[in-house]
Amino acid sequence: MVDVSAKPDTDRTAKAEGRVVMRPDTLALVRRGDGNKGDVLGTARLAGIMAAKRTFELIPLCHPLLLTKVEVELEPDDALPGVVVTAIVGTRGQTGVEMEALTAVSVACLTVYDMVKAIERGVRIEAIRLVEKDGGASGRYVAEEPP
């Protein structure tokens, strides 16, 4: 692991997003919350929060962090059609929370996939990315909008 012991504690946040693309009829089932395995959006939200808290166990060399905030939102989007997943993670510490936000989004997307795969095998997970981060020596980063 990188030695961060000389770094000062600062407030750090990161926001990540991803998309789960599916057929309109599959999205309708997700909206109703009556999939074969239950409430897709609620289950995926909880999975994303739990994953953020365990990132250091999943990604080699990530520091274990005391997270002060983990928000995971899943918004159905008819234009995709599918679900847009967003995670915002915060801490006060010596290293950032980008990996925790990205892990939360990834696992939430995978959970949506798992819960609807029996209905539609062609579901796609795409566009997982860091949207913004703040704090630490490198300061603020805001991603450009995708083309």
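Residues numbered from 1 in each chain as written. Predicted model: local features only at pLDDT ≥ 70, side-chain atom pairs only at ≥ 80, totals over all residues. Heavy atoms only, no water.

**Student:** Explain the overall build of the protein chain here, please?
**Tutor:** A count of helices and strands for the protein chain gives 4 helices and 5 strands. A compact globule built from 147 residues should have a C-alpha radius of gyration of about 15 Å, and the protein chain, at 16 Å, falls within 12% of that. Over its C-alpha atoms, taken along the principal directions, the protein chain stretches across nearly 55 × 30 × 20 Å. Counting only residues that meet the buried cut, the protein chain has 43% of its 147 residues in that class. Taken as a whole, the protein chain presents about 8,100 Å² of accessible surface, with 54% of it coming from carbon and sulfur. Taking the average location of the 19 positive side-chain charges in the protein chain and that of its 22 negative ones, the two points are 3 Å from each other. (Helix = DSSP H or I, 4+ residues; strand = E, 2+ residues; numbered from the N terminus. Rg over C-alpha atoms; globule rule 2.2 N^0.38 Å. Buried < 20%, exposed > 50% of the residue type's maximum accessible area, 1.4 Å probe, protein only. Areas by Shrake-Rupley, 256 points an atom, 1.4 Å probe, with all protein chains shown as cover. Lys, Arg positive; Asp, Glu negative; His and termini not counted. Charge placed at Lys NZ, Arg CZ, Asp CG, Glu CD.)

**Student:** I keep staring at the side chain of Thr-26 and nothing clicks. Help me out?
**Tutor:** Looking at the element boundaries, Thr-26 is found in helix α1 (residues 24-32). Note on Thr-26: relative accessible area 0%, which makes it buried. Contacts of Thr-26, omitting those with residues within four sequence positions, involve Val-116, Ile-119 and Glu-120. (Contact = heavy atoms within 4.5 Å.)

**Student:** Would you take a moment to explain the sheet that holds strand β5 (residues 141-142) for this structure?
**Tutor:** As a general point, the strands of a sheet are linked pairwise by backbone hydrogen bonds and lie either parallel or antiparallel. In space, the 5 strands of this open sheet follow the order β2-β3-β1-β4-β5, with antiparallel pairing throughout. Of all strands in the sheet, those bounded by a partner on one side alone are β2 (67-77) and β5. Summarising the sheet, strand β1 (residues 10-21) and strand β4 (residues 124-134) pair through 8 bridges and their orientation is antiparallel. Residue Ala-16 lies in a different strand from β4, and its bridge partner there is Leu-130. Contacts from helix α2 (residues 40-53) reach β2 and β3 (82-93) within the one sheet, and its direction differs from that of β2 by about 150°. Along the sheet, helix α4 (residues 98-116) contacts β1, β2, β3 and β4; its crossing angle with β1, the most-contacted strand, is approximately 25°. (Pairing = 2+ DSSP bridges. Axes fitted to C-alpha atoms, helices over the stretch in contact; angles between N-to-C directions.)

**Student:** Honestly, the side chain of Arg-129 in this entry has me stumped. Any pointers?
**Tutor:** Of note, Arg-129 is situated in strand β4. There is a polar contact of 3.1 Å between the side chain of Arg-129 and the backbone oxygen of Glu-144. Leaving out residues up to four positions away in the same chain, Arg-129 has contacts with Lys-15, Ala-16, Glu-17, Leu-102, Ala-143, Glu-144, Glu-145 and Pro-146. (Polar contact = N/O pair within 3.5 Å; in protein donor to acceptor, adjacent residues only side chain to side chain.)

**Student:** Please clarify how the pattern of salt bridges should be interpreted in this entry.
**Tutor:** Pairs can form between side chains of opposite charge once their charged atoms are near each other. As enumerated under the stated definition, the model contains 12 salt bridges in all. Of the charged contacts, one joins Asp-25 and Arg-23 as a salt bridge, the two residues approaching to 3.0 Å between their closest N and O atoms. The exposure class assigned to Arg-23 is partly exposed, which follows from its relative accessible area of 36%. Linking Arg-124 and Glu-126 is a salt bridge whose minimum nitrogen-to-oxygen distance equals 3.1 Å. Salt bridges linked by common partners bring Glu-17, Arg-19 and Arg-129 together as one network. (Salt bridge = Lys/Arg side-chain N within 4 Å of Asp/Glu carboxyl O.)

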